[in-house]
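Commentary on secondary and tertiary structure
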Amino acid sequence: IAEAQKRLLLAAIDSCDHTSKTGGVIVYSTCSVMVQENEWVVDYALKRRNVKLVSLGVDIGKDGFTRINKYRFDPSVALTKRYYPHTHNMDGFYVAKFQKISNT
C-alpha cells in the first residue's frame, strides 16, 4: 500500500500549482497509524518534490515521528499529526499539510 500512496501523493503534488488561490496546499491523510503509510510516505515526498510541511493549525493530536528505531525523518515531520483511538476517542489516523514551493 505504501508504494501506491507514494505515487498518489507525488501525483497530487505534481497536479497542484504553487501560485493557485489555495497557495499550493496539499493535505495528505490516512486512516492508519502505521509509520510506513505515514511518516515514510511524507518523508519520501519531501525528498522528491519542492514542498515543505506547514502547521495544521490544530492543537489536538500527537506530533508525527521524526525518528523511530533506526530510521530518521526530516525534522519538519513533527508538524504532522497522529490521532489514536485510545487517546482521542476516534479512529486512528494521520494528517500532513504540504505547501508547494515551486512547480519545478
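Note: the structure precedes this text.
Heads up: these notes are all about the structure in this document.

What about helix H1 (residues 2-15)?
A rise of 1.5 Å per residue sets the reference length of H1, with its 14 residues, at 20 Å; its end C-alpha atoms lie 20 Å apart and thus fit the reference within 8%. Those residues of H1 that sit buried are Ala2, Gln5, Lys6, Leu9, Leu10 and Ile13. Along H1, the residues classed as buried sweep out an arc of 130° about the axis, all on the same side. Among the exposed residues of H1, those oriented more than 90 degrees off its buried face are Arg7, Leu8 and Ser15. On the buried face of H1, the contacting elements are strand S1 (25-30), helix H2 (39-48), strand S2 (51-53) and strand S7 (93-100).

Remarks on the pattern of salt bridges
In the structure shown here, the tally under the stated rule is five salt bridges. One salt bridge connects aspartate 43 with lysine 47, and the closest N-O pair in it is separated by 2.9 Å. Here the residue aspartate 43 and the residue lysine 47 both occupy positions in helix H2, the gap between them amounting to four residues, near one helical turn. Aspartate 43 sits in the buried class, given a relative accessible area of 5%. With a closest N to O distance of 2.9 Å, aspartate 63 and lysine 81 form a salt bridge. You can see aspartate 63 sitting in strand S3 (residues 62-63) and its partner lysine 81 sitting in strand S6 (residues 81-83), a full 18 residues away along the chain.

Topic: the packing of aromatic side chains
This model, assessed by the stated rule, comprises two aromatic pairs. With a centroid separation of 5.1 Å and an interplanar angle of 70°, the aromatic rings of tryptophan 40 and tyrosine 71 are classed as edge-to-face. With tryptophan 40 in helix H2 and tyrosine 71 in strand S5 (residues 71-72), the pair connects residues that are 31 residues apart, well separated along the chain. Since its relative accessible area comes to 35%, tyrosine 71 is described here as partly exposed. Note on tyrosine 83 and phenylalanine 93: the rings are 4.6 Å apart at their centroids and 20° apart in plane angle, and the pair reads as stacked.

Some words on the side chain of serine 102
Tracing the backbone through its elements, the reader meets serine 102 in the segment after S7. Only 2.6 Å separates the side chain of serine 102 from the side chain of asparagine 50, close enough to count as a polar contact. Excluding its chain neighbours within four sequence positions, the residues that come into contact with serine 102 are His18 and Asn50.

How each quantity is defined
- Along each chain, residues carry numbers from 1 onward, in the same order as the chain's sequence is written.
- Side-chain atom pairs in this predicted model are given and counted only at pLDDT of 80 or more, local residue features only at pLDDT of at least 70, and totals for whole chains, interfaces and linings cover all residues.
- Computation of side-chain values: all heavy atoms of the structure, hydrogens and water removed.
- Numbering of helices and strands starts at the N terminus; helices are DSSP runs of H or I of at least 4 residues and strands are runs of E of at least 2.
- To estimate how far a helix should reach, multiply one less than its number of residues by 1.5 Å.
- The classification of residues rests on relative accessible area computed with a 1.4 Å probe and restricted to protein chains. Under 20% of the type maximum is buried, over 50% is exposed, and intermediate values are partly exposed.
- When we speak of the arc, we mean the arc of directions from the helix axis to the C-beta atoms.
- Only heavy atoms enter the contact rule, under which two residues are in contact if any of them lie within 4.5 Å.
- Criterion for a salt bridge: a side-chain nitrogen of Lys or Arg within 4 Å of a carboxyl oxygen of Asp or Glu.
- Classification of ring pairs uses Phe, Tyr and Trp, with its six-membered ring standing for Trp, and accepts pairs whose centres are within 6.5 Å; under 30 degrees between planes counts as stacked, over 60 as edge-to-face, and the remaining range as tilted.
- The definition of a polar contact used here is a pair of N or O atoms within 3.5 Å, where within protein one atom must be able to donate a hydrogen and the other to accept one, and adjacent residues in sequence count solely through side-chain atom pairs.

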